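Architecture and fold: a report
Here is how the chains run, residue by residue.
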Amino acid sequence: MKKIILAMAVVAAMAACTADKSLTVKGDLKNLGDTLIVMNQNDRDRRDTVLVSDGKFEFTLDVDSVTSYYLVEPKLFRGERGAQLQFIAVPGEALEMTGDVNDRFDYNGSTFYQGYHEVDLMLEEAQKPQKELTQKLMKMLEEGASQDSIMQIYQKAIEPLEKQEEEAIMEFIKTHPDLEATATLIPQVKPEKMAEAVNMLSDKVRNGRMKAYYQPIIDYIEAQQKAEEESAAKQAEGVEAPDFTLNDINGKPLTLSSLRGKHVILDFWGSWCGWCIKGFPEMKEAYKKYAGKFEILGIDCRDTEEKWKEAVKENELPWLHVYNPDESTICDDYGIQGYPTKIIVGPDGKIVKTIVGEDPAFYELLAELFK
């Protein structure tokens, strides 16, 4: 008898574990097509298809821990306008989505999603002024206002509105510390406020199942900030530019130190980088304008050797080029975080300035250096 009871207990426990991983999602949404794609935010290559009938759908997910999911209309992948609905997937719960995808819709359902409904309503109210500002500016644009004037109005108005939204979020966290759904607000605040927001949660919520949702986001932001700080230190003015040797377009070794005695611009780029390609015409004009006063050394990144050579030839780039293979450490040595990155190295081999992206400041600096 004891063995039978024990076996029954094991089966019951296994069933409970299985049930705890199951999330049921039901929807009744107007203006929805006949198909939705379900995607996990952390694994977007894995996609499941859900059929929709007259706006109604239902499916079940196996969820190991709290994470974000998306419901996407297939036409969005074809470059057409379509719905993209985000929801928080919580094991052992049941989600209901009702409303109109072209207007507004609500989350509801089991205990967690009842709390999430409160969070959603608060965010909707807190973000209302920003939404109204966007609508106002769009109307002005349609009526003929210039993009520059629109941007000036936006930049002047947006900061106090964002501050107002963050204050509303922090107040909600403070007054609802025991509500599990409150933890979904942690990523909504600025990085410098996240620790304070987490500490306002009750211990049960802070260290419960919602930690699997907010903690990876905090860890990622902290890692990014650390990487940016390390990058800034490597690219700082006056730092000795790390020497390196890479093969040039003809397959011959080229060493950075061999260019000592003149200004050298290290241009980290790739044929896949749209902004890099877009900036080449202006770079070629500057190279011609200040001929002999500096050298450009293009450092290709994340390309095959064939694509690199094709891009140099196609864009008719007249300066020096080297190929940067996967095993090279040069991007780490220079703390490259984005593309294009242009690092100006002085005649003494020390870094003068680093410019990330296509920025007019780069050409202003050239004018200052070579006036």
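Before reading on, note that the structure itself is shown above.
Residues numbered from 1 in each chain as written. Predicted model: local features only at pLDDT ≥ 70, side-chain atom pairs only at ≥ 80, totals over all residues. Heavy atoms only, no water.

Remarks on the overall build of the chain
Threshold: Note on conventions: DSSP H or I runs of at least 4 residues are helices, E runs of at least 2 residues are strands, and numbering of each starts at the N terminus. Atoms considered for the radius of gyration are the C-alpha atoms alone. The globule rule reads 2.2 Å times the number of residues to the power 0.38. Accessibility here uses a 1.4 Å probe with only protein chains present; expressed as a share of the type maximum, an area under 20% marks a residue as buried, one over 50% as exposed, and anything in between as partly exposed. We get accessible surface area from the Shrake-Rupley algorithm with a probe of 1.4 Å; when it comes to residues, only the shown protein chains can shield them. Two residue types count as positive, namely Lys and Arg, and two as negative, namely Asp and Glu; His and chain ends fall outside the count. Note that the charge is assigned to NZ on lysines, CZ on arginines, CG on aspartates and CD on glutamates.
Regarding its fold elements, the chain presents 11 helices and 15 strands. For 371 residues, the compact-globule estimate of 2.2 N^0.38 gives 21 Å, and the C-alpha radius of gyration of the chain, at 27 Å, exceeds that figure by more than 25%. In terms of overall dimensions, the chain has C-alpha extents of about 85 × 65 × 45 Å along its principal axes. Evaluated residue by residue, the chain yields a buried proportion of 41% over its 371 residues. Counting every atom, the chain has about 21,700 Å² of accessible surface; 50% of that belongs to carbon and sulfur. Placing the 44 positive and 65 negative side-chain charges of the chain at their respective mean positions leaves the two points 1 Å apart.

Overview of the state of the cysteines
The test is simple: Counting rule for disulfides: a pair of cysteine sulfur atoms within 2.5 Å.
For the structure on display, the rule yields one disulfide. Take C301: it sits in no disulfide, and the sulfur closest to it among the cysteines is that of C331, at 3.7 Å. A relative accessible area of 18% means that C331 is categorised as buried.

Digging into the sheet that holds strand β14 (residues 341-345)
Strands in a sheet are paired, the pairing made by backbone hydrogen bonds, and the direction either parallel or antiparallel. Spelled out, the test is: Strand pairing is defined by DSSP finding a minimum of two bridges between the two strands. Helix axes are fitted only over the stretch in contact, all axes being lines through C-alpha atoms; the angle between N-to-C directions runs from 0 to 180 degrees. The contact criterion used throughout is that any non-hydrogen atoms of two residues lie within 4.5 Å.
Pairing is mixed across the open sheet formed by five strands, whose spatial order is β13-β12-β11-β14-β15. Strand pairing shows two members of the sheet lacking a second neighbour, β13 (320-323) and β15 (351-356), which therefore form its edges. Averaged over all neighbouring strand pairs, the angle between strand axes comes to 20 degrees, with direction disregarded. Summarising the sheet, strand β11 (residues 263-269) and strand β12 (residues 294-300) pair through seven bridges and their orientation is parallel. Note on β12: the bridge partner recorded for V264 is E295. Sheet contacts for helix α9 (residues 305-314): β11, β12 and β13; angle to β13, the most-contacted strand, approximately 165 degrees.

So, helix α11 (residues 360-369)
Selection criterion: To obtain the arc, one takes the directions from the helix axis to the C-beta atoms. Nitrogen and oxygen atoms within 3.5 Å of one another constitute a polar contact, given that in protein one can donate a hydrogen and the other can accept it, and given that sequence-neighbouring residues count only through two side-chain atoms.
F362, Y363, L365 and L366 are the residues of α11 that are buried. Buried residues in α11, looked at end-on, bunch into an arc of 155 degrees, giving them a common side. In α11, the exposed positions angled more than 90 degrees off the buried face are occupied by P360 and E364. Regarding α11, its N-cap is D359, as a side-chain oxygen of that residue lies 2.9 Å from the backbone nitrogen of A361 further along.

A word on the nonpolar core
Spelled out, the test is: Side-chain atoms within 4.5 Å link the members of a nonpolar core, which is a set of buried Ala, Val, Leu, Ile, Met, Phe, Trp, Tyr and Cys residues.
Residues F57, F59, L71, F87, M97 and I186 are the most contacted members of the largest nonpolar core, which totals 52 residues. With seven residues, helix α2 (residues 111-126) is the single largest residue contributor to this core. Residues within four places of M97 in sequence aside, it is in contact with V25, K26, G27, D28, L29, L71, L85, F105, D106 and Y107.

Considering the pattern of salt bridges
Inclusion rule: What counts as a salt bridge is simple: a side-chain nitrogen of Lys or Arg found within 4 Å of a carboxyl oxygen of Asp or Glu.
Within the structure shown, the criterion is met by 12 salt bridges. With its nearest N and O atoms 3.7 Å apart, the salt bridge here joins K309 to E305. Remark: E305 and K309 occur in helix α9; sequence separation between them is four residues, near one turn of the helix. Connected through salt bridges with shared partners, the residues E93, E180 and R209 form a single ionic network.

Here we look at unusual backbone geometry
That bond from Y339 to P340 is cis: its omega, -5 degrees, falls within 30 degrees of zero. Phi angles above zero are rare outside glycine, and D54 is one such case at about 55 degrees. Looking at where D54 falls in the secondary structure, it is placed in the loop between β3 (43-51) and β4 (56-62). For D54, a relative accessible area of 70% corresponds to the exposed category. Its identity as a non-glycine residue notwithstanding, R302 has a phi of 60 degrees, on the positive side. Mapped onto the secondary structure, R302 falls in the loop between β12 and α9.

Things to note about the sheet that holds strand β2 (residues 35-40)
Here we have four strands laid out as an open sheet, ordered β3-β2-β5-β6, and antiparallel in their pairing. The open sheet has two edge strands, β3 and β6 (84-89), and neither has a second partner. Neighbour-to-neighbour, the strand axes of the sheet open up by a mean angle of 25 degrees, direction not taken into account. Note: β2 against β3, six bridges, orientation antiparallel. The partner of L36 across the bridge, within β3, is V50.

Remarks on the environment of Y113
Assignment of secondary structure puts Y113 in helix α2. The exposure class of Y113 is buried, given its relative accessible area of 0%. For the pair formed by Y113 and M97, sequence separation is 16 residues and the distance between their alpha carbons is 9.9 Å. Filtering out sequence-adjacent residues up to four positions away, Y113 remains in contact with L23, I88, A89, V90, E93, A94, L95, Y107 and N108. Within the local environment of Y113, its side chain forms a polar contact with the backbone nitrogen of V90, the two atoms lying 3.2 Å apart.

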